[in-house]
There are 2 protein chains.
Amino acid sequence: MALIVQKFGGSSVADAESIKRVAKRIVDTRRAGHDVVVAVSAMGDTTDELLDLAGQVAPVPAPRELDMLLSSGERISMALLAMAIHSMGYEARSFTGSQAGMITTADHGSARIVDVTPVRLREALDDGAIVIVAGFQGFNRDTRDITTLGRGGSDTTAVALAAALDADVCEIYSDVDGIFTADPRVVPLARKLERISAEEMLELAANGAKVLYIRAVEYARRHGVLIHARSTFTSNDGTYVLGEGMTDPRQNSEGAEMSDAIGMEEPVVAGVAIDRSQAKVAVVGVPDVPGSAAAIFTLVARTGANIDMIVQNAQSAQPGRTDISFTLPKQEAVEVVKVLAAEQESIGFENLVHDDQVGKLSVVGAGMRTHSGVSVTLFEALSKNGINIDMISTSEIRISVIVGENDLDEAARAVHTAYGLDGDVEATVYAGTGR
Amino acid sequence: MALIVQKFGGSSVADAESIKRVAKRIVDTRRAGHDVVVAVSAMGDTTDELLDLAGQVAPVPAPRELDMLLSSGERISMALLAMAIHSMGYEARSFTGSQAGMITTADHGSARIVDVTPVRLREALDDGAIVIVAGFQGFNRDTRDITTLGRGGSDTTAVALAAALDADVCEIYSDVDGIFTADPRVVPLARKLERISAEEMLELAANGAKVLYIRAVEYARRHGVLIHARSTFTSNDGTYVLGEGMTDPRQNSEGAEMSDAIGMEEPVVAGVAIDRSQAKVAVVGVPDVPGSAAAIFTLVARTGANIDMIVQNAQSAQPGRTDISFTLPKQEAVEVVKVLAAEQESIGFENLVHDDQVGKLSVVGAGMRTHSGVSVTLFEALSKNGINIDMISTSEIRISVIVGENDLDEAARAVHTAYGLDGDVEATVYAGTGR
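Residues numbered from 1 in each chain as written. Chains lettered and ligands numbered in written order. Predicted model: local features only at pLDDT ≥ 70, side-chain atom pairs only at ≥ 80, totals over all residues. Heavy atoms only, no water.

- Chain A has the name Aspartokinase in an unreviewed UniProt entry, where Microbacterium sediminis is given as its organism.
- Heading Function (unreviewed entry) of the UniProt record for chain A holds this comment: "Catalyzes the phosphorylation of the beta-carboxyl group of aspartic acid with ATP to yield 4-phospho-L-aspartate, which is involved in the branched biosynthetic pathway leading to the biosynthesis of amino acids lysine, threonine, isoleucine and methionine."
- UniProt annotates chain A under Sequence similarities (unreviewed entry) with the comment "Belongs to the aspartokinase family." (UniProt positions renumbered as here; feature names shortened; annotations may be inferred.)

## Focus: the overall build of chain A
Then step 1. Regarding its fold elements, chain A presents twelve helices and 20 strands.
Then step 2. In terms of C-alpha radius of gyration, chain A reaches 24 Å, essentially the compact-globule figure of 22 Å for 435 residues.
Then step 3. The principal-axis extent of the C-alpha atoms belonging to chain A is close to 75 × 55 × 35 Å.
Then step 4. Burial analysis of chain A (435 residues in total) assigns 55% to the buried set.
Then step 5. Residue pairs in contact within chain A that sit at least 24 positions apart in sequence constitute 74% of those at least 6 positions apart.
Then step 6. For chain A, the accessible area works out to roughly 18200 Å², and carbon and sulfur atoms hold 47% of it. (Helix = DSSP H or I, 4+ residues; strand = E, 2+ residues; numbered from the N terminus. Rg over C-alpha atoms; globule rule 2.2 N^0.38 Å. Buried < 20%, exposed > 50% of the residue type's maximum accessible area, 1.4 Å probe, protein only. Contact = heavy atoms within 4.5 Å. Areas by Shrake-Rupley, 256 points an atom, 1.4 Å probe, with all protein chains shown as cover.)

## Considerations on the packing of helix H5 (residues 153-164) of chain B against helix H7 (residues 214-223) of chain B
Residue and element names in this part refer to chain B.
Then step 1. The N-to-C vectors of H5 and H7 enclose an angle of 10°; their axes lie 8 Å apart at closest approach. Compared by their axis directions, H5 and H7 come out roughly parallel. In this structure, the crossing between H5 and H7 has a hand that is right-handed. Here Gly 153, Asp 155, Thr 156, Val 159, Ala 160 and Ala 163 of H5 lie close against H7, whose contacting residues are Arg 215, Ala 216, Tyr 219, Ala 220 and His 223.
Then step 2. Classifying every residue of the contact of H5 with H7 gives six nonpolar, three polar and two charged. (Axes fitted to C-alpha atoms, helices over the stretch in contact; angles between N-to-C directions. Parallel < 35°, antiparallel > 145°, perpendicular 65-115°, else oblique. Left-handed = near helix turned anticlockwise from the far one by under 90°. Nonpolar A, V, L, I, M, F, W, Y, C, P; charged D, E, K, R; others polar.)

## Brief notes about the interface of chain B and chain A
Then step 1. Taken residue by residue, the interface counts 42 residues in chain B and 42 residues in chain A.
Then step 2. Where chain B abuts chain A, roughly 3300 Å² becomes buried across the two surfaces, and 63% of that area is made up of carbon and sulfur atoms.
Then step 3. Contact with chain A buries surface across chain B, with Val 57, Arg 75 and Met 83 of chain B losing the most and accounting together for 21% of the total.
Then step 4. Here chain B is connected to chain A by four salt bridges. (Buried area = accessible area lost by both parts, 1.4 Å probe. Salt bridge = Lys/Arg side-chain N within 4 Å of Asp/Glu carboxyl O.)

## Some words on the sheet that holds strand E16 (residues 321-329) of chain B
Residue and element names in this part refer to chain B.
Then step 1. Taking strand neighbours across the sheet as the criterion, the four strands line up as E15-E16-E14-E17 in an open arrangement whose pairing is antiparallel. Of all strands in the sheet, those bounded by a partner on one side alone are strand E15 (310-312) and strand E17 (351-355). Taking the axes of each pair of neighbouring strands and ignoring which way they run, one obtains an average angle of 15° across the sheet.
Then step 2. Across eight bridges, strand E14 (residues 278-287) lies against E16 in antiparallel orientation. (Pairing = 2+ DSSP bridges.)

## Topic: the relation of the copies chain B and chain A
Then step 1. Superposing chain B onto chain A requires a rotation of 180° together with a translation of 0.1 Å along the rotation axis, leaving an RMSD of 0.1 Å. The transformation just described matches what one would write down for a two-fold rotation axis. Ranked by how close their C-alpha atoms come to the rotation axis, the residues of chain B are headed by Ser 72 of chain B, at 2.8 Å.
Then step 2. With an isologous cut-off of 70% or more, the 100% of interface residues of chain B that recur at the interface of chain A puts this contact in the isologous class. (Least-squares fit on C-alpha atoms with pLDDT ≥ 70 in both.)

## Re the sheet that holds strand E16 (residues 321-329) of chain A
All names here are of chain A.
Then step 1. In spatial order, the strands read E15-E16-E14-E17; together these four strands make up an open sheet with antiparallel pairing. Across the chains shown, the open sheet's two edge strands, defined by having one partner strand only, are strand E15 (310-312) and strand E17 (351-355). Going across the sheet, the axis of each strand differs from the next one's by a mean of 15°, ignoring polarity.
Then step 2. Of the strand pairs in this sheet, E15 and E16 are connected by three bridges, and their pairing is antiparallel. Across the sheet, residue Gln 312 finds its bridge partner in E16, namely Ile 324.
Then step 3. Packed on one face of the sheet, helix H8 (residues 292-302) meets strand E14 (278-287), E15 and E16 and runs near 25° to E16.
Then step 4. Each of E14, E16 and E17 is contacted by helix H9 (residues 330-342), which is oriented at about 145° to E16, the strand it contacts most.

## Observations concerning the pattern of salt bridges
Then step 1. According to the stated counting rule, one finds 60 salt bridges over all chains in the structure shown.
Then step 2. The partner of Arg 64 of chain A in a salt bridge is Asp 145 of chain A, and the shortest N-O contact between them spans 2.9 Å. With Arg 64 of chain A in helix H3 (residues 63-87) and Asp 145 of chain A in strand E8 (residues 145-148), this pair connects stretches of sequence that are 81 residues apart. The same class applies to Arg 64 of chain A as to Asp 145 of chain A, namely buried.
Then step 3. Measuring nitrogen to oxygen at the nearest pair gives 3.1 Å for the salt bridge that ties Lys 24 of chain B to Asp 28 of chain B. Of this pair, Lys 24 of chain B and Asp 28 of chain B both sit in helix H1 (residues 16-31), four residues apart, which is roughly one turn of that helix.
Then step 4. Residues joined in a network through salt bridges with shared partners are Lys 192, Glu 194, Arg 195, Asp 237, Asp 248 and Arg 250 of chain A.

## Brief notes about the packing of aromatic side chains
Then step 1. This structure, assessed with the given rule, holds four aromatic pairs over all chains.
Then step 2. Both rings, one in Phe 297 of chain A and one in Phe 326 of chain A, keep their centres 5.3 Å apart while their planes meet at 65°; by these two values the pair is edge-to-face. Residue Phe 297 of chain A is found in helix H8, and its partner Phe 326 of chain A is found in strand E16; the two are separated by 29 residues along the sequence. For the pair shown, Phe 297 of chain A and Phe 326 of chain A are each scored as buried.
Then step 3. Above the ring of Tyr 219 of chain B, the side-chain terminus of Arg 222 of chain B is found at 5.6 Å from the ring centroid. (Phe/Tyr/Trp six-rings, centres within 6.5 Å; stacked < 30°, edge-to-face > 60°. Lys NZ or Arg CZ within 6 Å of the ring centre and 35° of its normal.)

## Observations concerning the pairing of strand E18 (residues 358-364) of chain B
Residues and elements named next belong to chain B.
Then step 1. A large share of E18 lies buried, amounting to seven of its seven residues.
Then step 2. Of the two faces of E18, the one carrying Val 358, Lys 360, Ser 362 and Val 364 and the one carrying Gly 359, Leu 361 and Val 363 are both buried.
Then step 3. Sheet analysis places strand E13 (residues 271-275) next to E18, joined by five bridges and oriented antiparallel. Across the sheet, Ala 273 pairs through a bridge with Ser 362, a residue of E18.

## Describing the nonpolar core
Then step 1. Of all hydrophobic cores here, the largest spans 72 residues; its most connected members are Leu 80 and Leu 81 of chain A together with Leu 80 and Leu 81 of chain B.
Then step 2. Dropping the residues within four chain positions of it, Leu 81 of chain A is found in contact with Ile 19, Val 22, Ala 23, Ile 26, Val 38, Val 40 and Ile 132 of chain A. (Core = buried A, V, L, I, M, F, W, Y, C linked by side-chain atoms within 4.5 Å.)

## Structural notes on helix H2 (residues 46-57) of chain A
Then step 1. End to end, H2 of chain A covers 17 Å across twelve residues, agreeing with the expected 16 Å (1.5 Å per residue, within 8%).
Then step 2. Turning to H2 of chain A, its buried residues number three or more, namely Thr 46, Thr 47, Leu 50, Leu 53, Ala 54 and Val 57 of chain A. One face of H2 of chain A carries all of its buried residues, which in axial projection span an arc of 120°.
Then step 3. On the buried face of H2 of chain A, the contacting elements are H3 of chain A together with H1 and helix H3 (63-87) of chain B. (Expected span 1.5 Å × (residues − 1). Arc of directions from axis to C-beta.)

## Remarks on the side chain of Ser 325 of chain A
Then step 1. Looking at where Ser 325 of chain A falls in the secondary structure, it is placed in strand E16.
Then step 2. Residue classification places Ser 325 of chain A among the buried positions, given a relative accessible area of 12%.

## Thoughts on a negative patch on the surface
Then step 1. On the surface, Asp 45, Asp 48, Glu 49 and Asp 52 of chain A cluster together to form a negatively charged patch.
Then step 2. Along the chain, Asp 52 of chain A falls in helix H2. (Patch = residues over 30% accessible without salt bridge, like charges linked within 9 Å, V, L, I, M, F, W, Y side chains within 5 Å. Lys, Arg positive; Asp, Glu negative; His and termini not counted. Charge placed at Lys NZ, Arg CZ, Asp CG, Glu CD.)

This is the structure in structure tokens:
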């Protein structure tokens, strides 16, 4: 008998029918003999609707009150889910983030989990009940206020519960079958991965891949939680996300069939991620002296912009000058360009280029540590397809390139093929792919 | 500087515009120098919509979960209201029933308030903040669960807060100007009362008058809370509901103009209430021996029916027999008739009459204690209009009659006139009169 944590997102509980479907899923897990703890998001677009209502009564909603408002969404869905489970004959009890012992910082709208004390949850489990917890929220001990966790909050709630309860697995449900080697809507021959390492998952998520939020994967990695990303619509296995030292749980079953390459070498590249949300800013002809980069990025930091890639070429066209390029979210670029342009004289650069028709393509694989020439495959694939590379940036297990936005999808497919990631059949894509 | 508690119902906060209007009302009160504590209901039809959702996922929703669900409605409205007040430049803090120290029994859906410990509310008031409290809900110390209070819950929340905080007044807002001598939609010449005694209010509310809930008036009476029933749409005074020993606060203002009959005798009759929700059941030809009534009402009690009037005539047509009639809510009559019919032989009655085309008219007035002949005015008015009286029942300050349902409205108007209650102008009735 295992303790399983399950997370269901907004689109999984969008209406009464969906709630009943999810309830049945949960009951099936319980019926198999496991203890079940569920983290659930608000129904469908509830959070956005509440945000909209808030905007109608106040242009800048007070943070404490906004969190009080938004946390109602999860309260509604958790209670309905518990009711549905009850009507199927199983005991279920719902708990708010506060009741579940989810202790957070006081940062309204972006609180971090600092402790989890799931006393009431353990009591409920001991009573044989299925436990439903409101995702996305917690409680601050100092202010005694409800806080919400920001983006990826419900995934993080689930992982935090799994860690605190020492669960055997944390199942994160969405309407896709698992983690794919690429976005199947862009790369039809993308394959579902049987397993992926947490560090590879982090790199993919940080570079455009959806399905799992970075913070949840990071929390899982830090606390040794096994994540299983799977689909609400099938009972097939999804993708296991393995932290350091973890093994695929299916490897332990005697005589269990293993798909993929167990016992063989891990593939060099796990997957390809694309990101169209970035823009590029190039500061051209910067004086190549100490302090130039610092001056530029001090200004940028004041705008609060979230810089992604930074590339400085060793040499510019002119001696004594260099070019510094960086990428950042499109919506933050205009402000940054304005701020830099105002300081052109003091920094001394010659020109400022702002290009928001770019896309970022990333290739991720732990195998890059031990294999050489991985980047060559990427560059050759792009070259063969006549796709120009604008910027290159790498980490230990990732290579990212900036290309023209219009080339991005084609580049993804070409690179996916070049790395031998293509599957035999086109992946099934459900309409309205969401969480 | 006073401490004022204000209650706003669902239709007062039905949408963003209404919420902003109410926020302005609250801010105006604060600006006048008073401390303000607000109890608020869920927006518009939210509670009904949540109930409907619950019914879609479970035929018989688990009570604990249903209360968790329903309490979200007030959470949403209180947070939005606090936000609106903030954006008008005033500090406001919202609190759930639990956070406000509203301690209740564990009866989900019909919890009673057993204690109020408003520690956090006092702290907020000391900080100069306007306090918003979610109506209709509380917290049970033993189960540590959220409970809802049932019908009239938000009015009761407001009165309980006023009692616990020793407020100067509890203002209950609706979209009517106050308590009227009769329902202005039925009796156009009904007048708004300047004041009414709590015991008269209780009798009117118990016998069909809307605007204030019995339990809230009763709680106010028991705890010495002054209620002021007034309109969200005007700043005119409404109706003060005075408990024993209380005086109209306006009497204390030096040189304040007093309307109505201050210093003169109180009117004999305060108002007329009508109730079309009742049906009549007559058990005809019951053996006139000890135990007959007990047998009948023991059976009735088992169905849980809520009996209103009971009348037994001294004599029936036949010697040794009597007739016992009673009224009860229409929807409960069928079950009761079935149960009685099944025991016809053991009780020994001759016939059972079930009439659901009846209406109850009540005349209420503390003056009945000291004046004789009050009933004569009622009976003559009805007689003059050719309206037959089916049952008569009285209390110290109330006379009620059962008449045909089709006669009820005309009877109300005739009786209202006969007691000299008519005003000079037709009362303004706002569309969609609600709370």
